[in-house]
Each structure stands twice: as structure tokens, then as C-alpha cells.
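Structural overview for review
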Amino acid sequence: MGWRLIRIYTILVYLFMFLPIAVVVLLSFNANQFGSFPMTGLSTRWFEVLWNNDAIMRAFRTSITLGLMTAVISTVLGVLASLALVRYKIPGRNLITTLLIAPILVPEVVLAVALLLFLNFLDIGKSFTLLLAGHVIFTLPFVILVVQARLVSIKRDVEEAALSLGASPMQTFFAITLPLLMPAVAAGGLFAFTISFDDITGTLFWKPGGIETVPTQIFSMLRNSISPEINALGTVMIVLTVGLPLIGAAIARSLATRSGA
Amino acid sequence: MSAVSLSNIVKRFGDYTAVHQMSLEIEEGSFVTLLGPSGCGKTTTLRMIAGLLDPTEGEIAIKGKRVNDVPIHKRNLGLVFQNYALFPHKTVAENVAFGLNYRNVPKDEARRKVAAALELVQLPDLGARYPKELSGGQQQRIALARAIVIEPDVLLLDEPLSALDANLREDMRVELKRIQQSIGVTTVFVTHDQTEALAMSDQIIVMSEGRVEQVGAPEEVYNTPATEFVAKFLGASNLLSARCADMAGGDIALELPGFPKIAIPRDRAPRVSGPGPVRLVIRAEKLHLKAEGTPADGLLSVDAVVENVDYQGQSARYFVRVGDHQMQAINMIEDHPFATGAKVSLQFRARDCAALPVESPS
């Protein structure tokens, strides 16, 4: 009896969480020109409209570029920071770790305003570079957390063995450490990409005039009307932000199985 | 010219001194063991030879060349770890070939060398496997093959047998010694296990608290311990307070209450300098329990009472009381072990005794 109640309750929670998303996906295939029920037929016309909407395609390209650059920069910085924090005895290591993780703990709005005020103080205007920097600050903690956890599990002995066999520290990093770290690097990069791709709060504060990312584009379109193409855009976003991490996880798992870790 | 030479090596970690003023010459082709309990500085010493730690003071030379400033990857050393440290993402063959990649060895020759190394460790067919598919013993053999394929100047082994289970450890001990002898590589072996040290070494360096206690061949270290620590650490020993009464002539006369006068050869007490208090050392297996009244037959003999018996199948360890002294004896069991409470005659040869100067308690 008790279990049945729990089961029903669980199902309700899941419905509450996923039903709105399902509705968006479903309505994106609605032939009706209003983005609401009842559905009048199945159609992909809103995806075509989306494809032909220059503003949205531009926002899409911006988001992809921003996401990829954020992922690359965050991953490189994250790996370097993790190596320093795990492999070397740095004074104030705990403090540095806390500072690097802090952006997760600080409310995003506060972080966004802070960065903006700071740049105002330095008399530097908004730019794409600033937006990118903001995204890197915001995604770096995730990369560091994932990479650090993995790095701790890679025994120092393995690297020492490589060194003793004649590989320089740099060669050891690329031949041993990095391949063993790869699942975490991939996961960290994916995290960074999806978080950047999704982000709206920080982006609204940091983006220079005339540049829109997909979330900010949707936001501004919503202020005018609820167009069915937003549903289509939402569906594309869901596929990207859910699908990519899943593929990434699958790749990471197969890499990890192969290397026996 | 020594293969490895340490002169006045000191290693400090902050206020803690891990190795005190250590000097050591390791002969080309020899198998040398650093033996001691954990924290005695043996691994620290090995890591300094490897170049994984820098000595605070002193010089390290390999084949006559000072290497203090030579980083580990340019020292041409073979290193084997307790937990194997194979590269999990590389096959066995790739693991073994790893060092050759950095030595400009042509591909064909590299393949031949890898095959020869796998042959030497008796695992010629496992080249395509991944380390996780191998047992612990196999992994350790591969680690050894990987270390020797580069023809290192010195092979450094850091407790390589400690992670293996008991039976396998004995097999690997024999195997390791065979491989070392067949290629004749200078080997420095670190262990806390006296059996391994005694079985494998040409020379044992017993260490305690960052200091060298004794350097010598296994038999020498075992039979003539230079310090109380060595006497206690290797095997089961009895240490008794005695007095050196007389050093005239070739023998040293020792007196201790309840025992007949013991005259031991000079070379059994090289560090005793004159009459006065000394420590008498006798190994547990050199004390023979005989039924009460058995004629001494040229041996020294004292009456004793068995207080406790630790039965071990083929042998037994007896805790016996001789006057005020509690002693232990390990004897093979011929018929039945002596029972607790039995009155026995404890017999031993004078030349199985050794004497040490009394160490000031530190």
C-alpha cells in the first residue's frame, strides 16, 4: 500500500517535470499557426520557418561558436588548474580550489553584475570576448571538479614509471596522463558546452548590443508573441543539450572500459 | 668504479630528517637490498637514486657520473613499483616498448627486444592483452620486462613482491633473482621483508630511522648483527645482559648469571672493545632443547623450564625460562614437541653467540 503511494507520487513528480517539455516538443510539430492546443495536424513547417529566420540562425551560430570556444578554453584551463592543484604542493591549495569553485556557489545574477561593474570600473566596454570570459568563469568550476576527481585516481606511480623509462615530463603528460584523463576531459568539455549553450542570466548582462545567443533570442521573441517557431527552437535546444551529453557519456564510458579504469 | 655511489646523503622534509648522512657504494652487477621497517628511509633513498626526490645534501653518482642535477628521464634507470604501475590504456607489448620509443630504437629491433623481454619473464604470448586482463603476478612480470628492456644502468625495485600473495611471492622471488642474474644488471631492491632480503641479496643494507645499521652479505648480517636493532629485526634473537670479563687471548670471556662461562671467538664481537657490560646475542634456532639430563657433548648447557609452546607443524617456538631470563628457541620437531612446564636442558655452541657493546638508550 505504502509502496503504491510512493510509486504514484514518483510518477506525478516526473510528469510535473517532463510534461511541459513534452508539450513543447509535441506542439513544435503542430500545423496550426497558433502555438497551442488543439493540434490541427502534424507538420514540420515551424522547423522550416526557423531555418529561414536569419535572426535565429545568427543566434544559433553565435551560441555554437560561444559554446565551443568556452568548452575549449575551460577545458584547457581546467586541466592545467587540476594538474597544479593535484600534482604539486602549492601553498594555499585549499583556498585556490575554493575560489575556483566559487562561481557555482555565487548566484549567477550577482556574478554577472559583479563582472559588469568590474569592467565598468576598468573602463572596458562589453564585447564578445567579455561574454566568452564570463562563460569561461562560469563553466570552469564544473571542468575542474570532474577533472580533479579523475586525476586523483590516476596513480603518480604510472607517471613516474613513464619518466623512468625516458619520457620527459611533457611527453609523459601527453602519452600517459592525458589519455587516462580523457573521459573526464570529454565530460568537462561537454558540461562547459551545454552550460554555455543554455545560459541566459549571465549572457543578458554581458552580451554587447546586436549579439544574441539562442536563449536571449527566444527571450526577446517571447516578449512580442508566443510563436510556434519557439516551440521548434525549443525542441532543437532539447535535442542538443540532452543528446550531446548522452553521446558524450557513452563515448566516455567506452573509453574508460577500454583503458580499464 | 661503483655502479651507484652515495656520499653523505641527507634528506630532510621540513624539520624531519628522513635520511642521515648516508654513504654507500654499490658494485656493478650486484643485487643490493635496502632492508628496514617502514619509515626507515629505504624508499626515500631509492627515490633519490631514481631522481624522484632531490637529496638535501650530498652527492649521488651513477657509473661514476654525478647525477644530482640529471632529471629522472635522463638517468637510464629501470623502476618497478609495488603496485606494478603499468599503463592501463596500453597493451602489454606497448607497455614494454614504451621506453624504447624514447631511445631511437628502430621498429624491427624494438619488436625483437620486446619479444625477448617477454620471453625472459616467461610471458611470451601476452603482448596483445591489456594489463587489467592479467593477474597480479603477471602484471609484475610485465612491469619487470618493461624496466629491463631499456637495458638500464641500474634496476630499482620498490617492494615489488609486497602486493602478491604468499605462494606467488616465493615463486616471484626465485624468478626475479634468476632474471637479475641472467642479465647481470645492478639492482637495488627495497623491502621490509627479511626473508626476501636474505634469499636474494649479494649485500644487505639494514636501515633504521634514516641511518644505516649494518652493511654486509646476508649470512654476515644474519649471523653477526652489528647492532641490537639488526639482531632484533632479522630473525628471532635472544638479547641478554652480560659482562665481558676478559679479552685476553683469542676469545672473549662472557659472564652472565645462571649460565656457565661463555668464551666466544673475537670475530663474533668485533665491536666490543674491552671488559664491561655487553649484550649477548643468540639466535632462537641456535638454542636446542634436549630432554633433562642429556649429556652436553661439548656444547654449553643450562637447565630451563618450558613456559609456552607455539606449535608450527614442522617446528615449534618455545618460550623458556633460564633463571631470571626469558628466552625463545625455535627447534625442528623430531617426535613430539616439549610440553609446557617440561624441564629441559638448553644446549648451544659458544661460537653461535655474539656480543654487542651496550647501546646508550637513545
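Residues numbered from 1 in each chain as written. Chains lettered and ligands numbered in written order. Predicted model: local features only at pLDDT ≥ 70, side-chain atom pairs only at ≥ 80, totals over all residues.

Here we look at the overall build of chain A
Helix and strand content of chain A: 11 helices and zero strands. Written out in order from the N terminus, the α and β elements of chain A read α-α-α-α-α-α-α-α-α-α-α. Overall, chain A is about 70 × 60 × 40 Å in size when its C-alpha atoms are taken along their principal axes. Within chain A, buried positions represent 31% of all 261 residues. Taking as baseline every contact in chain A between residues at least 6 positions apart, the subset at least 24 positions apart corresponds to 77%. (Helix = DSSP H or I, 4+ residues; strand = E, 2+ residues; numbered from the N terminus. Buried ≥ 20, exposed ≤ 12 C-beta atoms within 10 Å, placed from the backbone. Contact = placed C-beta atoms within 7 Å.)

Comments concerning the domain arrangement of chain B
Domain assignment breaks chain B into domain 1 (4-223) and domain 2 (236-357). Between domain 1 of chain B and domain 2 of chain B, the C-alpha centre-to-centre distance is 39 Å. (Domains from an automatic or database assignment.)

Some thoughts on the environment of L15 of chain A
With respect to the helices, strands and loops of the structure, L15 of chain A is situated in helix 1 (residues 2-27). Exposure remark for L15 of chain A: the 11 C-beta atoms within 10 Å place this residue in the exposed category.

Quick word on the confidence of the model for chain A
A residue-level look at chain A finds 94% of positions with pLDDT of 70 or above and a mean pLDDT of 85. Across chain A, the secondary-structure element scoring lowest on mean pLDDT is helix 11 (residues 228-259) of chain A, at 77, and the one scoring highest is helix 7 (residues 156-164) of chain A, at 93. (pLDDT = per-residue confidence, 0-100.)

Quick notes on the interface of chain A and chain B
Opposite the 18 residues of chain A that make contact, chain B presents 20 residues. Elements supplying a minimum of two residues to the side of chain A that touches chain B: helix 7 and helix 8 (169-198) of chain A. Here the element with the most residues in the side of chain A that touches chain B is helix 7 of chain A; it accounts for seven residues. The residue inventory of the side of chain A that touches chain B, partitioned by class, reads 10 nonpolar, five polar and three charged. (Nonpolar A, V, L, I, M, F, W, Y, C, P; charged D, E, K, R; others polar.)

What about the confidence of the model for chain B?
Across chain B, the average pLDDT comes to 89, with 99% of residues at or above 70. The secondary structure element of chain B with the lowest average pLDDT is strand 12 (residues 251-255) of chain B, at 85, and the one with the highest is strand 3 (residues 31-35) of chain B, at 95.

Things to note about the domain arrangement of chain A
Residues and elements named next belong to chain A. Domain annotation of chain A identifies domain 1 (1-43) and domain 2 (54-259). Just the C-alpha atoms count here: the centres of domain 1 and domain 2 sit 31 Å apart. Domain 1 puts eight residues into the contact, and the matching count from domain 2 is nine residues.

Focus: the sheet that holds strand 7 (residues 154-158) of chain B
Residue and element names in this part refer to chain B. Strand order in this open sheet of six strands is 6-7-8-3-9-10, and the pairing throughout is mixed. Either end of the sheet is taken by a strand with one partner, and the two such strands are strand 6 (77-80) and strand 10 (211-216). Sheet twist, expressed as the mean angle between neighbouring strand axes with direction ignored, is 15 degrees. Of the strand pairs in this sheet, strand 3 and strand 8 (residues 186-191) are connected by five bridges, and their pairing is parallel. Bridge assignment links T33 to a residue of strand 8, and that residue is F189. (Pairing = 2+ DSSP bridges. Axes fitted to C-alpha atoms, helices over the stretch in contact; angles between N-to-C directions.)

Some thoughts on the pairing of strand 3 of chain B
All names here are of chain B. Counting buried positions over the five residues of strand 3 gives five, a clear majority of the element. As paired elements, strand 3 and strand 9 (residues 203-208) share four bridges and run parallel to each other. Looking at strand 9, one finds that L35 is bridged to V206.

Observations concerning the packing of helix 7 of chain A against helix 8 of chain A
Residue and element names in this part refer to chain A. It is the contact of helix 7 with helix 8, at a shortest axis distance of 9 Å, that shows an interaxial angle of 125 degrees. Taken together, the axis directions place helix 7 and helix 8 in an arrangement best described as oblique. As helix 7 runs across helix 8, the sense of the crossing is right-handed. The segment helix 7 lies against helix 8, with V158, E159, A162 and L163 engaging P169, T172, A175, I176 and T177. Residue composition of the contact of helix 7 with helix 8, by class: six nonpolar, two polar and one charged. (Parallel < 35°, antiparallel > 145°, perpendicular 65-115°, else oblique. Left-handed = near helix turned anticlockwise from the far one by under 90°.)

Some words on unusual backbone geometry
All names here are of chain B. The phi angle at Q21 is positive, at roughly 35 degrees, despite the residue not being glycine. Tracing the chain through its elements places Q21 in strand 2 (residues 16-26). With phi around 60 degrees, Q122 is a residue other than glycine that occupies positive phi space. When you line up the elements, Q122 lands in the loop between helix 3 (107-120) and helix 4 (136-148).

Considerations on the sheet that holds strand 18 (residues 325-332) of chain B
All names here are of chain B. The sheet built from five strands is open, its strands ordered 15-19-16-17-18 with antiparallel pairing. Sheet topology places strand 15 (288-291) and strand 18 at the edges, where each strand pairs with a single neighbour. Direction aside, neighbouring strands of the sheet carry axes that sit 45 degrees apart on average. For strand 15 and strand 19 (residues 343-348), the ladder comprises four bridges, and the chain directions are antiparallel. Within strand 19, the residue paired with L289 across the bridge is L346.

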